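Examining the three-dimensional arrangement
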Amino acid sequence: MDLPALSVADLQQKLRSREISSVEVLDALDARITAVDSRIHGYLSRDLAAAKELAATADVSLPLGGVPIAIKDVINVKGEQCTCASKILQGYRSPYDATVIRKLRAAGAIPFGRCNMDEFAMGSSTENSAFGPTLNPWDTTRVPGGSSGGSAAVVAADEAFAALGSDTGGSIRQPAALCGIVGLKPTYGRVSRFGLVAFASSLDQIGPFTKTVRDASLLLNAIAGRDPLDSTSLDEPVPDYTALLGRDLKGVRLGMPREYFIEGIDPQVDAAIRAAMRHYESLGAEIVEVSLPHTEHAVGVYYIIATAECSANLARFDGVRYGHRAQGAANLLETYGRTREEGFGPEVKRRIILGTFVLSSGYSEAYYGCAQKVRTLIRRDFTAAFEKVDAIICPTAPEVAFKTGDRSDDPLKMYLADIFTIAANLAGICGISIPCGFASVDGTRLPIGLQLLARPFDEVRLLQIAHAYEQSTAWHQARPKQGND
Amino acid sequence: MSAAFDVRYTAQLARLNLSEDEVAKFQAQLTQVLEYVEKLKRVDVSGVEPTAHATEVFNVFRADETRPWFTPEEALANAPRHANQLFIVPKVIE
């Protein structure tokens, strides 16, 4: 039996029937990581001994009892590192658990392993990690996407059963697409961000990476809900997210946004998405054309709002209370300036500067104020579309995984990789990426992601629609071969 | 508008020192990004309310009560320098 290849649901069955123990699971997973992660570099660190201690007393009757889950290195787990893939937090140890970690533990899960990422979640390729890039398990000359590229790659390479990541402009869905797995961005306010190192507070959301839609539902069951420690989390009821899985799609209406089928989209991606639409029709769903007229402005709005918020959030990294401090500075001001110069990488510096500029006196109304108003128009586009359809269907990314180094020095080109994902964050709705085919590029098979977007707090419906496609296709069963596989 | 964008001055506002290479590179790259976002100004936003965040929640109150949290030792555990339960920083005032 190939243990690490199991889904969470299948793993649970084996744990509950006592066919295997949680400690054995961790040993098998650790062996897998040792065998393949030198090529992938999806993990920054892991503590097998600490995880095995938890596994020894795991209650497998709990919803995620005894299941190890990998965590993006931006979410605090008490006693573990939380570097955000930045030199400025090298050596930092979390003094507390994030709420999602507390909830995972309450559900019996075992946080195991810290996943690589773009520094402070800023990037679309995981090349911005201060500790070296993660590579795509389907082709190690290519990027896994980002910013949660480590979380996506370790699930795709069977180095994790599931992982948590964070999505500010597509950082869960885009790497899930490029790595051929499932990635769910819940509605803004659905999952507490307490203990998530903040990038852009009006956009950030935590969500799962999994091998199946059912697994994503199981993880969302565990982490969703109001948290008094995050006042943006909403007191909406938490349904059982597996409730509608398996129901048919008769009467379900899916909207195809005409602005998302544009020039510049990879023809193989375009063909796969259109084939997925036909498949949905064969399942009983109706495809309806909808319009999201402000789509072309989403990237511009995002890079003003996200950088503005990051420039404020990252002001806390000043070398006083935690993290790196520059040595030999003559005074406090010099300590700040040099600590941040030495501690941050180029993309983080660019975004702090851009965000500071768009908020600065004389410019904030022209840039930040204007972006917030266009954001309203983008939200209204979705509200209007969801009056006609249950979900929107479109590509997750305009292309498949690109070569490492291809655009790491061209920020604007890199930003455009997020063109189909960022509107969901601006509008606060939920979205998922699921595998829907492969492109053939220079003889290599590269996964394509299908994105579904739904109304705020309508994850039950979103997951039902995603599951119906997944279970009637075989794309999610494909796994990239690693070395000795 | 972006002609007024000065990387060196903005970085100073952000308390971020830059090398000469970074100044030149970021000035060019971010000018390009600002040119890209200029097109937002063509959108008619008259009478449109700004969106600060996506949920319709404004003031969230809780009881003003103390609750257990970090011990001073835990709060200081990651500090580059500390003594007597205080963070130690270089001199602020001459």
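What follows concerns the overall build of chain A. Scanning chain A from N- to C-terminus turns up 15 helices and 11 strands. Its C-alpha radius of gyration of 21 Å places chain A within 12% of the 23 Å reference for a compact globule of 485 residues. Based on the C-alpha atoms only, the size of chain A along its principal axes is roughly 70 × 55 × 50 Å. Here chain A holds 485 residues, and 61% of them are scored as buried.

Below, the discussion takes up the environment of Gly-195 of chain A. Residues and elements named next belong to chain A. Within the secondary structure, Gly-195 is located in the loop between strand S5 (182-185) and strand S6 (205-210). According to the C-beta neighbour criterion, Gly-195 is buried, with 23 such atoms within 10 Å. With 96 residues separating them along the chain, Gly-195 and Thr-99 place their C-alpha atoms 6.4 Å apart. Non-local contacts of Gly-195, meaning those with residues more than four positions away in its chain, are made with Ile-75, Asn-76, Tyr-96, Asp-97, Ala-98, Thr-99 and Ile-101.

A separate point is the domain arrangement of chain A. Residue and element names in this part refer to chain A. Domain assignment breaks chain A into domain 1 (3-255 + 383-477) and domain 2 (295-373). On a C-alpha basis, the centres of domain 1 and domain 2 stand 26 Å from each other. With 28 residues of domain 1 at the interface, the matching set in domain 2 holds 23 residues. Within the residue set of the side of domain 1 that touches domain 2, elements represented by two or more residues are helix H13 (411-415) and helix H14 (422-427).

Residues and elements named next belong to chain A. The end-to-end C-alpha distance of helix H8 (residues 267-282) is 23 Å, a good match for the 22 Å that 16 residues give at a rise of 1.5 Å each. Listed in full, the buried residues belonging to H8 are Val-269, Ala-272, Ile-273, Ala-276 and Tyr-280. The buried side chains of H8 occupy one side of the element, clustering within an arc of 95° when seen end-on. Turned more than 90 degrees away from the buried face of H8, the exposed residues are Pro-267, Arg-278 and Ser-282.

Once that is clear, we can look at the pairing of strand S3 (residues 110-115) of chain A. A regular strand places its side chains so that they alternate between the two faces of the sheet. Residues and elements named next belong to chain A. Within S3, six of the six residues are buried, leaving the element largely enclosed by the surrounding structure. As paired elements, strand S1 (residues 43-45) and S3 share two bridges and run antiparallel to each other. Pairing of Tyr-43 across the sheet is with Cys-115, part of S3. Inspection of the sheet shows strand S2 (residues 68-72) paired to S3 by four bridges, in the parallel sense. Bridge assignment links Lys-72 to a residue of S3, and that residue is Cys-115. Once you follow S2 into helix H4 (residues 99-106) and on to S3, the crossover reads as right-handed.

To continue, consider the pairing of strand S11 (residues 444-454) of chain A. Residue and element names in this part refer to chain A. Of all 11 residues that make up S11, nine are buried, and the element is covered over most of its length. Across five bridges, strand S9 (residues 391-395) lies against S11 in antiparallel orientation. Bridge pairing links Ile-392 to Leu-453 in S11. Note: strand S10 (residues 430-441) against S11, 11 bridges, orientation antiparallel. Counterpart to Gly-437 in the pairing with S11 is Ile-448. The loop that links S10 with its antiparallel partner S11 comprises two residues; one of these, Asp-442, has a positive phi angle of about 50°.

Once that is clear, we can look at the nonpolar core. Residues and elements named next belong to chain A. Ranked by internal contacts, the top residues of the largest apolar core, which has 173 residues, are Ile-69, Ala-163 and Leu-452. In terms of residue count, helix H9 (residues 298-313) provides more of this core than any other element does, 10 residues in total. If we skip the residues at most four places from it in the chain, Leu-452 touches Ala-391, Ile-392, Ile-393, Gly-431, Ile-432, Leu-462, Ile-465 and Ala-466.

Residues and elements named next belong to chain A. Here we have 11 strands laid out as an open sheet, ordered S1-S3-S2-S4-S6-S5-S10-S11-S9-S7-S8, and mixed in their pairing. The open sheet has two free edges, formed respectively by S1 and strand S8 (286-290), since each of these has just one partner strand. In this sheet, neighbouring strand axes are inclined to one another by 35° on average, regardless of whether the strands run parallel or antiparallel. Packing of helix H2 (residues 22-40) onto the sheet brings it into contact with S1, S2 and S3, and relative to S2 it is tilted by some 45°.

Across the boundary between the two partners, chain B contributes 46 residues, which contact 54 residues of chain A. Elements supplying a minimum of two residues to the side of chain B that touches chain A: helix H1 (7-13) and helix H2 (20-37) of chain B. Of all the elements, H2 of chain B adds the most residues to the side of chain B that touches chain A, at eight residues.

Among the structural elements, Pro-4 of chain A can be located in the segment before helix H1 (8-16). Here Pro-4 of chain A is in contact with Ala-28, Leu-29, Arg-32, Asp-158 and Glu-159 of chain A, once residues within four sequence places are set aside.

About the thresholds
- Residues numbered from 1 in each chain as written.
- Chains lettered and ligands numbered in written order.
- Predicted model: local features only at pLDDT ≥ 70, side-chain atom pairs only at ≥ 80, totals over all residues.
- Helix = DSSP H or I, 4+ residues; strand = E, 2+ residues; numbered from the N terminus.
- Rg over C-alpha atoms; globule rule 2.2 N^0.38 Å.
- Buried ≥ 20, exposed ≤ 12 C-beta atoms within 10 Å, placed from the backbone.
- Contact = placed C-beta atoms within 7 Å.
- Domains from an automatic or database assignment.
- Expected span 1.5 Å × (residues − 1).
- Arc of directions from axis to C-beta.
- Pairing = 2+ DSSP bridges.
- Right-handed = clockwise from strand over helix to strand, strands pointing away.
- Core = buried A, V, L, I, M, F, W, Y, C linked by C-beta atoms within 7 Å.
- Axes fitted to C-alpha atoms, helices over the stretch in contact; angles between N-to-C directions.

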